[in-house]
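Topology and contacts: notes
In case you want the letters, here they are:
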Protein chains: 2
Amino acid sequence: MALAAVRSGSPARQPRERGQGGQTQQSLKSAQTRARLIDATIRCIVKVGYANTTTPQVAAEAGLSRGAMLHHFENGSALIKAAIVELHEKRLRAFRRAADTENHDVDALVRAYWRQLQKPAFVAFHELALAARTHADLAKILQPLQVEYRERFNAQAVALFPEWQGDRERFDLAMALSQTMLEGMAINVLTGAMAESMVEPMLGLLEDQIRAMNPKLSKGGRAKSAKDQPD
Amino acid sequence: MALAAVRSGSPARQPRERGQGGQTQQSLKSAQTRARLIDATIRCIVKVGYANTTTPQVAAEAGLSRGAMLHHFENGSALIKAAIVELHEKRLRAFRRAADTENHDVDALVRAYWRQLQKPAFVAFHELALAARTHADLAKILQPLQVEYRERFNAQAVALFPEWQGDRERFDLAMALSQTMLEGMAINVLTGAMAESMVEPMLGLLEDQIRAMNPKLSKGGRAKSAKDQPD
DNA sequence: CTCAAGAAACAATCATGTTTGTTTTTGATG
DNA sequence: CATCAAAAACAAACATGATTGTTTCTTGAG
């Protein structure tokens, strides 16, 4: 797909009535088609990888002709950018959802984030993140989103663990630990560098470690050993 | 580069006098050129990513014409395969070297592996591993190497920590923890998902965790807190 | 009737594998 | 010892296939 510079400010032909307000049926259909294309792009990235995600691929996946697709996005790059934004918002939404519905204890949150990482959005994002290493244009788009993601992650966690804020340094460390370990596991499972049978014990280990780092929880929490995990 | 099936058993024109024994000057130069090409391939993967590593790229990087290159490797795929094998052996060599020269305490080994992950070989291997997710041919080559790597990793560690073998389950867990965390950190730093300032504290944290898991070391080892790391 | 949605055809670019040509090494022979 | 032919190293040109952006064309809604 290659993602080159896009003439800013002129998407192929954005309907003039923007936003969620009352639209004509045309602009509504247009929005639907745009969404369908963005979804198809993400599916393609997951299915064949970012590098092999071509415009014909995406068009086929969306059930449209390439011409129709370029009518909505004028450019392969524009499509990729839109997909990135959508992915980013997807991740943030999933965050908020998890924080709202789940139990707010360590185990539940670790498991919630782990489940999060099993979803296609993570695969797609990692594909993009790695491609950005050698693609300056991609990196320029992705970097601010990575920063925002990390900030939201931490902000969410701060809200969830108010009692932890006494030792902010240790808290940040625990957050980085969780992120690193879970994402590292996800990638290692993805690439076959780690056996899946290791996942459960590792999750337990991480939970123990987090509890051990928490100044408050370390007293009340059970000092679970790494081996009494249920199957 | 794309890596398709390669007619087995017929490299472009392997010199008939194989091995390291006495060769004619031609076959020696041939071996040199092959090595130069393999090196160029790895450099390309690191520089522009696996997806954008094309045959002209590699030839240019090696200072050869594409024709000359295809004389030695007949195929882009053959080159990739050779590069993979070379990378694998590089990683194993680095392993053995570290195990021979370094101090055999937890800190030294953690740092040694961390340094290992900063080298280009790791970047290249991760590029390949991720590409393999969507490339069946690549996966078929990489998978056995991944298995062997893990086995060597563990075997090396077993030899280094004989006192640990009482609780094999916990030992395996500690190994998986180290690998996951260090590789996860390396990738997260690579993709900008993690601030570099977090590296040092995280290394310390990992070392503490490993020590805490060791039945023997946990008594003798200093119960270092996560914050008394030197800068 | 006018404009947007959607489709199809087109030229340009690029990587790949193949084929053909040129130089250098090697070792065999007169 | 000089020479020559075969093979290998290296280079260049070619044809093919795929992707990209552009342009032209049809259809349906407002």
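Residues numbered from 1 in each chain as written. Chains lettered and ligands numbered in written order. Predicted model: local features only at pLDDT ≥ 70, side-chain atom pairs only at ≥ 80, totals over all residues. Heavy atoms only, no water.

You'll find chain A entered in an unreviewed UniProt entry as Transcriptional regulator, TetR family, with Rhizorhabdus histidinilytica given as the organism.

Comments concerning the packing of aromatic side chains
Residues and elements named next belong to chain A. What counts here: Here is the rule: rings of Phe, Tyr and Trp (six-membered ring for Trp) pair when centre to centre is within 6.5 Å. Planes less than 30 degrees apart are stacked, more than 60 are edge-to-face, and the remainder are tilted. By definition, any uninterrupted DSSP run of H or I lasting at least four residues is a helix, any uninterrupted run of E lasting at least two residues is a strand, and each is numbered from the N terminus. Using a 1.4 Å probe on the protein chains alone, a residue whose accessible area is under 20% of its type maximum counts as buried, one over 50% counts as exposed, and one in between counts as partly exposed. Placement of a charge over a ring requires the Lys NZ or Arg CZ to be within 6 Å of the ring centre, with the centre-to-atom vector within 35 degrees of the ring normal.
Overall, the coordinates contain 14 aromatic pairs over all chains when judged by the stated rule. Ring geometry for Y113 and F153: centres 5.3 Å apart, planes at 70 degrees, overall edge-to-face. Here F153 lies in helix 7 (residues 136–160) and Y113 lies in helix 5 (residues 106–118), a separation of 40 residues in the sequence. Each member of the pair Y113 and F153 is classed as buried. Among the aromatic residues, ring-to-ring pairing joins F95, Y113, Y149 and F153 into one connected group. A cation sits over an aromatic face here: R91 above F125, 3.7 Å from the ring centre.

A word on the relation of the copies chain B and chain A
This is how the line gets drawn: Copy-to-copy alignment: least squares on C-alpha atoms, limited to residues at pLDDT 70 or above in both.
Once turned by 180 degrees and shifted 0.0 Å along the axis, chain B lies on chain A with an RMSD of 0.1 Å. Taken together, the turn and the small shift mark the pair as related by a two-fold rotation axis. Considering only C-alpha atoms, the residue of chain B closest to the rotation axis is G184(B), which sits at 1.9 Å.

Here we look at the packing of helix 5 (residues 106–118) of chain B against helix 8 (residues 168–190) of chain B
All names here are of chain B. Applied cut-off: An axis is simply a line fitted to the C-alpha atoms; with a helix, the fit covers only the stretch in contact. Between two such axes, the angle follows the N-to-C directions and lies from 0 to 180 degrees. With the far helix as reference, a near helix turned anticlockwise by less than a right angle produces a left-handed crossing, and one turned clockwise produces a right-handed crossing. By the convention used here, residues are in contact when the closest approach between their heavy atoms is within 4.5 Å. Classes in brief: Ala, Val, Leu, Ile, Met, Phe, Trp, Tyr, Cys and Pro nonpolar; Asp, Glu, Lys and Arg charged; the others, Gly included, polar.
At a closest axis distance of 10 Å, the pairing of helix 5 and helix 8 adopts a crossing angle of 35 degrees. For the pair helix 5 and helix 8, the crossing hand works out as right-handed. Here V110, Y113, W114 and L117 of helix 5 lie close against helix 8, whose contacting residues are Q179, L182, E183, M185 and A186. Class assignment for the residues of the contact of helix 5 with helix 8 results in 7 nonpolar, 1 polar and 1 charged.

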